[in-house]
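# Understanding the architecture of this molecule
Next come the chains, spelled out residue by residue.
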Amino acid sequence: DLSGIGSPEAARAAKAGWRDRFANELYGPLPEPPLSVSTLRQPLPDQGAERLVIELETRIGKFRTDACLWLPDTQDKPVPLICGLDFAGPIGVLSSDSFPLDPTARAYTRPDLGAPDGRLTDSLRGATSYRWPVDLMHRHGYALLLSCYGSWTPDDPHLWNQQGVAVFATPQDFGAISCWAWAISRLIDVASGLPEIDTSRIAAVGHSRLGKAALWASAWDDRIGTVFANNSGCAGAAPQAHPVGETLEQLRDAYPHWLRPDVDLSSITTDQHQLLALTCPRALYIACAEDDIWADPLGTYEALRAASTAWGYDPTDWPNVEEIWQPGTQPSLPPLGYHIRPGGHDLLPCDWRQFFEFLN
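This is a predicted model, so every value here is computed, not measured. (Residues numbered from 1 in each chain as written. Predicted model: local features only at pLDDT ≥ 70, side-chain atom pairs only at ≥ 80, totals over all residues. Heavy atoms only, no water.)

### Considering the pairing of strand β3 (residues 62–70)
Consecutive side chains of a regular strand alternate in pointing toward one face of the sheet and then the other. Using the following cut-off: Throughout this description, buried means an accessible area under 20% of the type-specific maximum (1.4 Å probe, protein chains only), exposed means over 50%, and partly exposed covers the range between. Runs of E in the DSSP output that reach at least two residues are strands. Runs of H or I that reach at least four are helices, and both are numbered from the N terminus. When DSSP finds two or more bridges between a pair of strands, those strands are recorded as paired.
Most of β3 sits out of view: 7 of its 9 residues are buried. Two elements, strand β2 (residues 49–57) and β3, share 8 bridges in a ladder whose sense is antiparallel. Each residue of the ladder has a partner; that of V53, found in β3, is D66. Taking the residues that link successive antiparallel strands as the turn, the β2-β3 hairpin has 4 residues. Pairing of β3 with strand β5 (residues 143–148) involves 3 bridges; the strand directions are antiparallel. Within the sheet, the bridge partner assigned to L69 lies in β5 and is L145.

### With respect to the nonpolar core
Selection criterion: Put simply, a nonpolar core is a bunch of buried Ala, Val, Leu, Ile, Met, Phe, Trp, Tyr and Cys residues held in one set by side-chain atoms that sit within 4.5 Å of each other. Throughout, a contact is declared for two residues whenever any of their heavy atoms are within 4.5 Å.
Core analysis: the largest hydrophobic core is formed by 120 residues, its most contacted members being I82, W132, W152, W216 and W352. With 12 residues, helix α5 (residues 176–192) is the single largest residue contributor to this core. Those residues within four positions of W352 in sequence are excluded, and the remaining contacts are I82, R131, W132, P133, L136, M137, V205, F228 and L347.

### Considering helix α9 (residues 297–307)
α9 sits mainly inside the fold: 8 of its 11 residues count as buried. Residues of α9 that are buried include every one of P297, G299, T300, Y301, A303, L304, R305 and A307, and no others. Summarising the contacts, the buried residues of α9 are in contact with α8 (272–277), β8 (283–289), α10 (321–324) and β10 (336–341).

Next up, the structure:
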């Protein structure tokens, strides 16, 4: 029960304590912010987008990467922003070769797309545009700022701290999830320097392991007004207290670079409803899929119900589990929302349509 954090002072103290425990026990802290962030804008006229070349100056050196920005065609004032990381990054959305491949990136992509050893290849161009339906975002008035997560930190247990963000931060007492969360905040730094963006309305969006990163980024960065975590599973929105699907032990063994080095899972004193509550009092939207049992959709729903006490709700205010399993159900207690759809582990246009219904 998190209802004891009702006053602002109690909320600040409780949230700081939970965040420190998550950092110490599971993810590791985020690297320190850069000394400066600069952005070079390069229009991509054939794609209705811009490549943003980003340079970060740290105490150790300079780190350079890129992102892509899609702005609505018509705008007479700053627009709200969808901000996120993707497995293939901008090349997965763009259909032309005007956006360069990052030869240093290492990412997980669907094996059938022909990207060997996690390297970005031309076979990925436009392959995952359905995950980021730019036209739908523009119809709702939103811009999109997207970058490849593997360019910031390689999704590779041997390379993750040999190139990318981790090279420019000491001590390396964090894992890749913290690096990806840090990258989301750096994209918000970039957005803050764009006059077309309304920085009071920023939504951080992530799917699967990048949903974990979006939730962890929100715990640190209050500039994120809304979090949309899709099928985020273990170490995301799915709690350890509901033993269905992937466990922390399985995650640690399969992806040892995601969590802090030498993580001791026996000493963990937090659970994921507290991670969700770190977004309070801002907006939080959680989405799951019926066939994605590995990501534990029902445990995720129970974690959201438990976390909602931080916003002043009671778990009994939510529909019961049997009700949410019915087609078309989208329980919402503003600023909290949830849906579960048919199908498996993916981010689909129908997920976005329900998310925008929630935002509206």
